[in-house]
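Tertiary structure, described
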Amino acid sequence: MLTVAVQMDPLDSINIAGDSTFALMLSAQARGHKLFHYAPEDLNYSAGRVWTKAHPVTVQRVEGNHFRFGEPVSLDLGDEADVVLMRQDPPFDLGYITATHLLERIADRTLVVNDPAQVRNAPEKVWVLDFAQFMPPTLVTRSVEEAKAFLAEHGEIVVKPLHGNGGKAIFKIGRDGANLSSLIEVFNTAYREPHMVQAFLPDIAKGDKRIVLVDGAVAGAINRLPGEGEIRSNLAVGGSAAKTELTDREKEICAVLGPELKKRGLLFVGIDVIGGQWLTEINVTSPTGIVAIDRFNGTDTGAMIWAAIEARVAARG
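Because the structure is a prediction, the values reported are computed rather than measured.

**Comments concerning the sheet that holds strand β10 (residues 157–161)**
Read across the open sheet, the four strands follow the order β9-β12-β10-β11; overall the sheet is antiparallel. Two strands close off the open sheet at either side, each with one partner strand: β9 (138–141) and β11 (171–173). Across the sheet, the mean angle from the axis of one strand to that of its neighbour is 25°, orientation sign disregarded. Relative to β11, β10 is paired through three bridges, and the arrangement is antiparallel. The residue of β11 that forms the bridge with isoleucine 157 is isoleucine 173. Along the sheet, helix α5 (residues 180–190) contacts β10, β11 and β12 (195–199); its crossing angle with β10, the most-contacted strand, is approximately 15°.

Here it is in structure tokens:
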């Protein structure tokens, strides 16, 4: 039995029908592991110790009655937990980054999934630039002039925040460039970092494939289809899921990424591919999609993830 501390958002706010963290908690409980829940803002550090106020928790797939807390305890994450699941949703802001710094201090004693230093070093729309051979034409900039030049070269473009998530604030700009200057001005006001500009891929109408890799191996995939009048296919903004298979190009992408993910301790990762060939994101913070993948494929991705976690804990001795 493992003691598992789950760092995540409030349990009463999740959608248990599709939430990947909840599915992982159910799977852990079924394997006999003991679960604790805590919020990232409850982390504390002193004299080498990292601890938190945590609730023992049991879960069940009953809408409206899906969890039960025990009395809160002070849980030493370095000495009393075997595994920490870092599963709070982005934004990938200073609060998120600080949590990775704190958890990094116990990572030699407790398995943190995903590895906190590697999560910090692999922002989802930045680390993907290391694999530019698989990406659509991409520009990272705050410059209106550079964005206009990129539009002139590629005809239609998409502009999105470099550290956005869940399909939020993604804009398509047409050939006439209407509103591009205003959009960049708004983004420059809202964000201090540069923004991502990419050539628009018409194949997005056919879907955006989420492929889940577990310890570097492909666990499964779903095709996420945009809603009516949308270019965004994220399930959080109204997209729908469909069964799918991997193309040869997607298999090539996974073969290149897999060993690097495994080496970095990025055990549960979701990558996004458009048109069967264009890699757009590598999601390492709190990837989703396993519930839909298992529903379409009859698989048990949660069990696959826990088998990988248990093997890593056992290898530590």
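Next comes the rest of the account.
**Examining the packing of aromatic side chains**
The tally for this structure, following the rule as stated, stands at five aromatic pairs. Relative to phenylalanine 131, the ring of tryptophan 127 lies with its centre 5.5 Å away and its plane at 80°, an arrangement referred to as edge-to-face. Across the pair, exposure class does not vary: tryptophan 127 and phenylalanine 131 are buried alike. Taken together, the aromatic side chains of Phe171, Phe187 and Tyr191 make up a single cluster linked through ring pairs. In this structure, lysine 172 packs its charged tip against the face of phenylalanine 200, placed 4.1 Å from the ring centre.

**Overview of the layout of surface pockets**
By volume, the second largest pocket is sized at about 200 Å³. Lining the second largest pocket are 13 residues, and of these Pro91, Phe92, His163, Gly164 and Tyr191 lie nearest its centre. The residue makeup of the lining of the second largest pocket, split by class, is seven nonpolar, three polar and three charged.

Conventions adopted
Residues numbered from 1 in each chain as written. Predicted model: local features only at pLDDT ≥ 70, side-chain atom pairs only at ≥ 80, totals over all residues. Heavy atoms only, no water. Pairing = 2+ DSSP bridges. Helix = DSSP H or I, 4+ residues; strand = E, 2+ residues; numbered from the N terminus. Axes fitted to C-alpha atoms, helices over the stretch in contact; angles between N-to-C directions. Contact = heavy atoms within 4.5 Å. Phe/Tyr/Trp six-rings, centres within 6.5 Å; stacked < 30°, edge-to-face > 60°. Buried < 20%, exposed > 50% of the residue type's maximum accessible area, 1.4 Å probe, protein only. Lys NZ or Arg CZ within 6 Å of the ring centre and 35° of its normal. 1 Å grid on protein atoms, 1.4 Å probe; cavity = no way out; pocket = protein on both sides within 12 Å on 5 of 7 lines; lining within 4 Å. Points joined across faces, edges and corners; volume = space filled by probe spheres on them. Nonpolar A, V, L, I, M, F, W, Y, C, P; charged D, E, K, R; others polar.

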